[in-house]
Amino acid sequence: MIKTRFTEEFGIKHPIVQGGMQWVGRAELVSAVANAGALGFITALTQPTPEDLAKEIKRCREMTDQPFGVNLTILPTVKPTPYDEYARAIIDGGVKIVETAGRNPEPYMPWFKEAGVKVIHKCTSVRHGVKAQQVGCDAVSMDGFECAGHPGEDDVPNLVLLPAAADQLTIPMIASGGFGDGRGLVAALALGAEGINMGTRFMATKEAPVHENVKRKLVDSNERDTQLVYRKFRNTARIYKNDIAKRVHEIETTKADATFEDIKELVVGVKGRSLLETGEMESGVWSAGTVMGIIKDIPTVKELVERIIHDAEELINQRLRRIAN
Ligand code: NAD
């Protein structure tokens, strides 16, 4: 067992989190993560309406009696999103842990606090972590430059981001971006984190609700197979480097007056959703992290979580102890 402030304060067996993943954070995966003793998050915006989110929370509860949470990401979207109603669905659904991301969660803090909901804010810089602590968040999830999805605009990888944040935070910190095995967990603990968050690694599990082709792609690809896009619009995202991603990058970097409208049809989320469902790997874009370089198989969620804990314990108790003596 690896006990940290995160496992103690959040009542979760293992210091492992499956954070929000658009189109992937559904009840099948989240309940499997919960049943494996880790903390999974349903992704609110994967559900088309707040009413659908309420149903998904109910469905997940039927699949596990362990705690799970909901991710609420507030970033630019193609269609306007009723964030207040999604937040209300989370609270009314009796969920007790929320992962906020994308924007300062301050406007929602009174709602969450009043309902006894713990808030983990996902952010990509030390200053945003400090702000999250100031506004009353219970933990932060620091997302380094290695991560899939939105790494922010500072490009600081976790080897520096995590200890820099640990020096300024008193609330527990989860390390996010680039984590996929026991070595990563031990490194995160050494750098001052109380646990790890994984997204891409959880996509390559038996229970992840994505097409087999996507899982195989994660296994067959390496750490160089990601592409940064939307940099020009200050909404940088790391996605899988397929031909569409290369095309988006080319438009952004060669068309001097490019706007988001020039790439919108290539990147719109519904196409990404269809790609993950159909396995047609050139039909849209999808988020993937550099951790692909260390993904070698497609285990069950339980096998993955147990392997990470086992390997981390062995690393701490055997190799590190030997070196330190
Ligand atoms: P979508 O179809 O609304 O947009 C597709 C992508 O374009 C998203 O990354 C979005 O942030 C970006 N985008 C939209 N309008 C933009 C604009 N005007 N300027 C710059 N960028 C713009 O998104 P979706 O796939 O339906 O996802 C829904 C939400 O989930 C979005 O907020 C998205 O950012 C978020 N998301 C987050 C992550 C993450 O890493 N946290 C990963 C995937 C999606």
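Procedures and definitions
Residues numbered from 1 in each chain as written. Predicted model: local features only at pLDDT ≥ 70, side-chain atom pairs only at ≥ 80, totals over all residues. Heavy atoms only, no water. Helix = DSSP H or I, 4+ residues; strand = E, 2+ residues; numbered from the N terminus. Polar contact = N/O pair within 3.5 Å; in protein donor to acceptor, adjacent residues only side chain to side chain. Contact = heavy atoms within 4.5 Å. Core = buried A, V, L, I, M, F, W, Y, C linked by side-chain atoms within 4.5 Å. Buried < 20%, exposed > 50% of the residue type's maximum accessible area, 1.4 Å probe, protein only. Domains from an automatic or database assignment. Salt bridge = Lys/Arg side-chain N within 4 Å of Asp/Glu carboxyl O. Patch = residues over 30% accessible without salt bridge, like charges linked within 9 Å, V, L, I, M, F, W, Y side chains within 5 Å. Areas by Shrake-Rupley, 256 points an atom, 1.4 Å probe, with all protein chains shown as cover. Buried area = accessible area lost by both parts, 1.4 Å probe. Nonpolar A, V, L, I, M, F, W, Y, C, P; charged D, E, K, R; others polar.

Q: Explanation requested: the side chain of Asp 143 in the structure shown.
A: With respect to the helices, strands and loops of the structure, Asp 143 is situated in strand β6 (residues 139–143). Reaching out from Asp 143, the side chain makes a polar contact with the side chain of Ser 176 at a distance of 2.7 Å. Setting aside residues no more than four positions away along its own chain, Asp 143 makes contact with Lys 122, Cys 123, Thr 124, His 150, Asn 158, Leu 161, Ser 176 and Gly 177.

Q: Teacher, can you tell me more about the nonpolar core here?
A: Within soluble globular proteins, side chains that are nonpolar generally end up buried alongside one another. In terms of nonpolar packing, the biggest core is built from 82 residues, with Ile 16, Leu 53, Ile 196, Phe 202, Met 203, Leu 276 and Trp 286 touching the most fellow members. Broken down by element, this core gets its largest block of residues, seven residues, from helix α14 (residues 301–324). Composition of this core by domain shows at least three residues from each of domain 1 (5–209) and domain 2 (226–287). The residues contacting Met 203, other than those within four sequence positions of it, are Met 21, Val 24, Ala 208, Val 210, Val 214, Lys 215, Leu 218, Leu 276, Trp 286 and Ser 287. Grouped together as the second largest cluster of nonpolar side chains are eleven residues, Ile 239, Ala 245, Val 248 and Val 267 included.

Q: Sorry if this is basic, but what is going on with the side chain of Thr 236 here?
A: With respect to the element layout, Thr 236 can be found in the loop between β9 (226–229) and β10 (237–240). Given a relative accessible area of 0%, Thr 236 falls into the buried group. In terms of polar contacts, Thr 236 uses its side chain to reach the side chain of Arg 231, at 2.9 Å. In this structure Thr 236 touches Gly 149, His 150, Pro 151, Gly 152, Glu 153, Leu 228, Val 229, Tyr 230 and Arg 231, once residues within four positions along its chain are discounted.

Q: Can you help me understand the pattern of salt bridges in this one?
A: Between side chains of opposite charge, a pair can form as their charged atoms come close. Here the structure, examined in full by the defined rule, presents 20 salt bridges. Between Asp 243 and Lys 246 there is a salt bridge, with the nearest N and O atoms lying 3.7 Å from each other. In this pair, Asp 243 and Lys 246 are both assigned in helix α11 (residues 243–254), three residues apart and thus about one turn of the helix distant. A relative accessible area of 48% means that Asp 243 is categorised as partly exposed. For Lys 246, a relative accessible area of 41% translates into the label partly exposed.

Q: It is not clear to me how the environment of Lys 58 should be interpreted in this structure. Could you clarify?
A: Examined against the element boundaries, Lys 58 turns out to sit in helix α3 (residues 50–63). For the pair Lys 58 and Gly 94, spaced 36 residues apart in sequence, the C-alpha to C-alpha distance is 9.5 Å.

Q: Would you explain a nonpolar patch on the surface in this entry?
A: On the surface, Val 156, Leu 159 and Val 160 cluster together to form a nonpolar patch covering roughly 280 Å² of accessible area. Take Val 156: it is sitting in the loop between β6 and α7 (158–166).

Q: Just to check I follow, could you spell out the domain arrangement of the protein for this structure?
A: In many analyses, interface size is given as the accessible surface area lost on bringing the parts together. Split by domain assignment, the protein resolves into domain 1 (5–209) and domain 2 (226–287). A straight line from the C-alpha centre of domain 1 to that of domain 2 covers 24 Å. Each partner contributes to the interface: domain 1 provides 18 residues, whereas domain 2 provides 19 residues. Ranking the residues of domain 1 by area buried against domain 2 places Trp 23, Val 78 and Glu 153 at the top, with a combined share of 40%. Joining domain 1 to domain 2, the criterion identifies three salt bridges. Residue Arg 231 is joined to Glu 153 by a salt bridge in which the shortest nitrogen-to-oxygen separation is 3.7 Å. Across the domain 1-domain 2 interface, the total number found is ten residue pairs in polar contact (both at pLDDT 80 or more). Of the residues belonging to the side of domain 1 that touches domain 2, the class tally is ten nonpolar, four polar and four charged.

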